[in-house]
Amino acid sequence: MKRKICPWSVLLSCLVALTFTGSAFGALHYEAESSVATDGQPPLATRIEAWVDGERSRIDIVESSNPLLPAGSYLVTQDGGQTVLRVDPKAETYAVFDVDGLLKVAGTMLGGLQGMLRLQISDPVVEKLVDEESEDLFGLATRHVQYRTTYELQIKALGMKRRQQVERLQDLWMTSDIEDPAMTVWLRSRSQATGNEDLDRLIAAELDKVEGLTLKSTETSTSTDKKGRQSVTRSTLEVTSFERGAELGDDRVRVPAEYREVEPITTPGQQEGGGNPFKGVFGRGR
């Protein structure tokens, strides 16, 4: 006698399986490259390989010239990026890590020099210039947006004063086809810090209006002094490969029990051999 199978029992079994095994299609796997470069200074470049499954993620730092995130280290989260740990297998240590700090090095350094250095920003304007559908990237529906931010920056330090006109142009190619929360650890839209909290919040508020994850971005910041001399900083982020169906075991997002916790590094100045913080502010650093 053939046994009848209740479709509801099949559905319930599938739901239970999904609850305990994660995504039905496996983890997401992608690779990405990013860089920040200012004229006359060595660039900070990073290449990563990442696995994401829902709120869990592991990001391996494959190559890096950024002192905050050396090659061989990796980032893990189990709560969608609310807490990110940087793990150093060589030193067998780990620390809480602020991913935004990667693109806020200059702002963090300037903000930490209060009393010695004063920044004054006036006439800030943030404009959305482009918002359009774009060619799909990796089979994902993609949207292109462009922002321009302009302001006047006055810097006072050590009895010297300098005034600059700043224009920042940012292009973002974004998708809403991915809903895994931990993807935002590396691919959330971000902008270089200005050193002024009010303006940084204004820029962040505009970027937050754009839904989705960043698959590619370029940003050019041009500072022009009263003599017409310019300093240009360029930053890029690009996902170079993307696929579904990967595996991400629980052991890959856990910190080994024998590793010890250390204080997080928040600025390059905390690194051994940190350089002159005023380099490039008033001409060539000494």
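Whatever comes next refers back to the structure up there.
Quantities reported herein were computed from a predicted structural model and do not represent experimental measurements.

## With respect to the overall build of the protein chain
Next up, step 1: A tally of regular secondary structure across the protein chain gives 4 helices and 12 strands.
Next up, step 2: Out of the 286 residues belonging to the protein chain, those deemed buried represent 39%.
Next up, step 3: When the accessible surface of the protein chain is totalled, it reaches about 16800 Å², and 50% of it is carbon and sulfur.

## Remarks on the packing of aromatic side chains
Next up, step 1: Scanning all chains against the criterion turns up 1 aromatic pair.
Next up, step 2: Centroid distance F138 to F242: 6.4 Å. Interplanar angle 45 degrees. Geometry classified as tilted. With F138 in the loop between strand 7 (117-137) and strand 8 (140-157) and F242 in strand 11 (residues 230-246), this pair connects stretches of sequence that are 104 residues apart.
Next up, step 3: Directly above the aromatic system of W173 lies the positively charged group of K216, at a separation of 4.9 Å from the ring centroid.

## Let's talk about the pairing of strand 3 (residues 56-64)
Next up, step 1: With 8 bridges connecting them, strand 2 (residues 44-53) and strand 3 associate as antiparallel partners. Each bridged residue has a counterpart across the sheet, and for R47 the counterpart in strand 3 is E63.
Next up, step 2: Linking strand 2 back to strand 3 in an antiparallel pair, the connection comprises 2 residues, with G54 at a positive phi of about 65 degrees.
Next up, step 3: When strand 3 meets strand 4 (residues 74-77), the two strands line up antiparallel, connected through 4 bridges. By the bridge assignment for strand 4, R58 is matched with V76.

## Observations regarding the nonpolar core
Next up, step 1: In terms of nonpolar packing, the biggest core is built from 24 residues, with Y30, I48, I59, M183, W186, L187 and F242 touching the most fellow members.
Next up, step 2: Of all the secondary-structure elements, those providing two or more residues to this core are strand 1 (27-38), strand 2, strand 3, helix 3 (184-187), strand 10 (213-225) and strand 11.
Next up, step 3: Those residues within four positions of M183 in sequence are excluded, and the remaining contacts are L28, Y30, V52, I178, R188, L213 and F242.

## Describing unusual backbone geometry
Negative phi characterises most residues that are not glycine, and trans characterises most peptide bonds.
Next up, step 1: For E92, which is not glycine, the phi torsion reads 55 degrees and is therefore positive.
Next up, step 2: Tracing the backbone shows E92 in the loop between strand 5 (85-88) and strand 6 (93-96).
Next up, step 3: The class for E92 is partly exposed, based on a relative accessible area of 41%.
Next up, step 4: Even without a glycine there, the phi angle at F138 is positive, about 55 degrees.

## Focus: a positive patch on the surface
Next up, step 1: Taken together, R118, K156, K161, K226 and K227 make up a surface patch of like positive charges.
Next up, step 2: Mapped onto the secondary structure, R118 falls in strand 7.

## Brief notes about the pattern of salt bridges
Next up, step 1: This structure, assessed with the given rule, holds 12 salt bridges.
Next up, step 2: Ionic pairing is found between E127 and R148, a salt bridge with its closest N-O pair at 3.1 Å. Taken together, the positions of E127 in strand 7 and R148 in strand 8 put the pair 21 residues apart, joining distant regions of the chain.
Next up, step 3: Notably, a salt bridge pairs D225 with R229, separated by 2.8 Å at the nearest N-O pair.
Next up, step 4: By relative accessible area, which is 51% here, R229 ends up exposed.

Rules behind the numbers
Residues numbered from 1 in each chain as written. Predicted model: local features only at pLDDT ≥ 70, side-chain atom pairs only at ≥ 80, totals over all residues. Heavy atoms only, no water. Helix = DSSP H or I, 4+ residues; strand = E, 2+ residues; numbered from the N terminus. Buried < 20%, exposed > 50% of the residue type's maximum accessible area, 1.4 Å probe, protein only. Areas by Shrake-Rupley, 256 points an atom, 1.4 Å probe, with all protein chains shown as cover. Phe/Tyr/Trp six-rings, centres within 6.5 Å; stacked < 30°, edge-to-face > 60°. Lys NZ or Arg CZ within 6 Å of the ring centre and 35° of its normal. Pairing = 2+ DSSP bridges. Core = buried A, V, L, I, M, F, W, Y, C linked by side-chain atoms within 4.5 Å. Contact = heavy atoms within 4.5 Å. Patch = residues over 30% accessible without salt bridge, like charges linked within 9 Å, V, L, I, M, F, W, Y side chains within 5 Å. Salt bridge = Lys/Arg side-chain N within 4 Å of Asp/Glu carboxyl O. Lys, Arg positive; Asp, Glu negative; His and termini not counted. Charge placed at Lys NZ, Arg CZ, Asp CG, Glu CD.

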